[in-house]
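# Observations on chain architecture
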Amino acid sequence: MDAYTSFAGVYDELMDNIPYEDWCEYLTGLLREWGIAPGQKIVELGCGTGNMTRLLAKEGYRMTGIDQSGEMLAMAMQKEDREIPVFYVEQDMTRLTLPGAVDAVISVCDSMNYITRWEDLCQVCKRVKRYLRKGGVFVFDMKTPYFYREICGDNTFAEDREDVSFIWDNCFDEESRINEYALSLFVPCREQGADLWRKFTEFHYQKAYDIQEVERAVKKSGLHLRHIYDAFTREPAKEDSQRLYYIVEK
């Protein structure tokens, strides 16, 4: 089963441990440092169910959310608020197509790790460059090889909740540096008065890029890599950094 199909309906419930508001504060701080102020146009790549997209829209940014999962976007659009307009587009980020220039492009929550080919990473950077205004910024995060090797590894994570349960098996291939997530979801399905659970299985694949690979992809696109931060700080990357933020300028 494709990623983010059955998962879409329970994504927000299972990701309720992510401090989106804190992440948004960090992200808006980075944007302000590069002159991206409320009222300017921002595109979010891999926006999922729109949690960060909506928070940035509340901050006054003119937001467009892009994701290749129609199911995830359907969940995002259920949250629409007329007072906080967000435009959603179903699109593969490697084929990014926009009606005009934007002031910033962002991608968070390791959406960029879903790009499992270096050539496609280059293509995303090239498409972003095409639509960024001069002086605009591309801010994205990525989980690190350390995270996949030491935290995920070949570990299994599980959680049993009242309305949904999951088993998340990981398999990290050191040679390809691709981590395979086998996600089994158990969702209640009450039929004929009986308490039944329906199982869904999805497979997700993420790539662990080292800093040098990202630097080369950015350089090849003609963009300029300005900073690499250990996530949620202004500190440089460390050997045990689990997530990095890349600040790229046109």
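The residue numbering used here restarts from 1 in each chain and proceeds along that chain's sequence as written. Residue-level local features of this predicted model are given only where pLDDT is at least 70; pairs of side-chain atoms are given and counted only at 80 or more, and the full residue set underlies all totals for whole chains, interfaces and linings. Excluding hydrogens and water, the side-chain figures rest on all heavy atoms present in the structure.

## Describing the overall build of the protein chain
Numbering of helices and strands runs from the N terminus, with a helix taken as a DSSP run of H or I at least four residues long and a strand as a DSSP run of E at least two residues long. In terms of regular secondary structure, the protein chain is built from seven helices and 11 strands. Computation of the radius of gyration draws on C-alpha atoms alone. For the globule rule, the value is 2.2 Å times the number of residues to the power 0.38. Whereas a compact globule of 250 residues would reach a radius of gyration of roughly 18 Å, the protein chain reaches 18 Å, a difference of no more than 12%. Oriented by its inertia axes, the alpha-carbon framework of the protein chain measures out at about 60 × 45 × 30 Å. Between two residues, a contact is recorded if the distance between any of their heavy atoms is within 4.5 Å. A separation threshold of at least 6 residues defines the contact pool for the protein chain, and within that pool the share at least 24 residues apart is 64%. If you sum the accessible surface of the protein chain, you get close to 12500 Å²; carbon and sulfur atoms cover 46% of it. Computed over 31 positive and 44 negative side-chain charges, the inter-centroid distance for the protein chain is 10 Å. Here the accessible surface of atoms and residues is derived via Shrake-Rupley with a 1.4 Å probe, and residues count as covered only by protein chains that are part of the display. Positive charges are assigned to Lys and Arg, negative charges to Asp and Glu, while His and the chain termini are left out of the count. A charged residue contributes its charge at one atom only: NZ of Lys, CZ of Arg, CG of Asp or CD of Glu.

## Side note on the environment of E159
Within the secondary structure, E159 is located in strand β6 (residues 156-160). Remark: exposure states derive from per-residue accessible area (1.4 Å probe, protein chains only) relative to the maximum for the residue type, with buried under 20%, exposed over 50%, and partly exposed in between. Look at E159 and you get partly exposed, because its relative accessible area is 35%.

## Observations concerning the pairing of strand β7 (residues 165-173)
Pairing of β6 with β7 involves five bridges; the strand directions are antiparallel. Along β7, the bridge assignment pairs E159 with F166. In this description, strands pair whenever DSSP reports at least two bridges between them.

## Here we look at the packing of helix α2 (residues 20-33) against helix α3 (residues 51-58)
The geometry of α2 relative to α3 is characterised by a closest axis approach of 10 Å and an angle of 60° between their N-to-C directions. Taken together, α2 and α3 sit at an angle that is classed as oblique. You can see that α2 and α3 cross each other, and the crossing is right-handed. On α3, the residues that touch Y20, E21, W23, C24, L27 and T28 of α2 are N51, M52, L55 and L56. Lys, Arg, Asp and Glu make up the charged group, whereas Ala, Val, Leu, Ile, Met, Phe, Trp, Tyr, Cys and Pro make up the nonpolar group; the residues left over, Gly among them, are polar. Counted by class, the contact of α2 with α3 contains seven nonpolar, two polar and one charged residues. Between the N-to-C directions of two axes lies an angle of 0 to 180 degrees, each axis being a line fitted to C-alpha atoms and, for a helix, fitted only over the stretch in contact. These descriptions rest on fixed angle ranges, namely under 35 degrees for roughly parallel, over 145 for roughly antiparallel, 65 to 115 for roughly perpendicular, and the rest for oblique. If you view the pair so one helix is near and one far, a crossing is left-handed when the near helix is turned anticlockwise from the far one by less than a right angle, and right-handed when it is turned clockwise.

## What to know about the nonpolar core
Core analysis: the biggest nonpolar cluster contains 32 residues, and L27, L31, I42, M52, L56, V139 and Y245 have the highest contact counts within it. It is α2 that contributes the most residues to this core, seven residues altogether. V139 has contacts with L27, L30, L31, V105, I106, S107, Y245, Y246 and I247, leaving out every residue within four places of it along the chain. Here, the term nonpolar core denotes a set of buried Ala, Val, Leu, Ile, Met, Phe, Trp, Tyr and Cys residues that are joined through side-chain atoms within 4.5 Å. Grouped together as the second largest cluster of nonpolar side chains are 30 residues, I66, V105, V218 and L223 included.

## Quick word on the sheet that holds strand β1 (residues 41-45)
Spatially, β3-β2-β1-β4-β5-β11-β10 is the arrangement adopted by the seven strands of the open sheet, whose pairing is mixed. One side of each edge strand has no neighbouring strand; the edge strands of this open sheet are β3 (86-90) and β10 (224-230). Within this sheet the neighbouring strands show an average axis-to-axis angle of 15°, counted without direction. In this structure, β1 lies alongside strand β2 (residues 62-67), joined through five bridges in parallel fashion. Paired with E44 across the two strands is G65, which belongs to β2. Here α2 sits on the sheet in contact with β1, β4 (102-107), β5 (132-143), β10 and β11 (243-249), set at roughly 25° to β11. Sitting on the sheet, helix α4 (residues 70-77) is in contact with β2 and β3, with an inclination near 165° to β3.

## Description of helix α5 (residues 118-131)
Here α5 contains 14 residues, and its C-alpha end-to-end distance of 21 Å stays within 8% of the 20 Å for a straight helix at 1.5 Å per residue. Residues W118, L121, C122, V124, C125, R127, V128 and Y131 constitute the buried set of α5. If you follow the buried residues of α5, they end up packed against β1, β4, β5 and α7 (211-221). A helix is expected to span 1.5 Å multiplied by its residue count minus one.

## Brief notes about the environment of L121
Tracing the sequence through the fold places L121 in helix α5. Separated by 28 residues in sequence, L121 and M93 place their C-alpha atoms 9.6 Å apart. Residues contacting L121, with those up to four places away along its chain left out, are M112, I115, M142, Y209, V214 and A217.

## Notes on the state of the cysteines
Joining two cysteines, a disulfide is a covalent bond between their sulfur atoms. Sulfur atoms of two cysteines make up a disulfide when they are within 2.5 Å. Overall, the coordinates contain zero disulfides when judged by the stated rule. Cysteine C47 remains unbridged, with the sulfur of C109 as its closest cysteine sulfur at 11 Å. Free cysteine C152: the closest other cysteine sulfur is in C171, separated by 11 Å.

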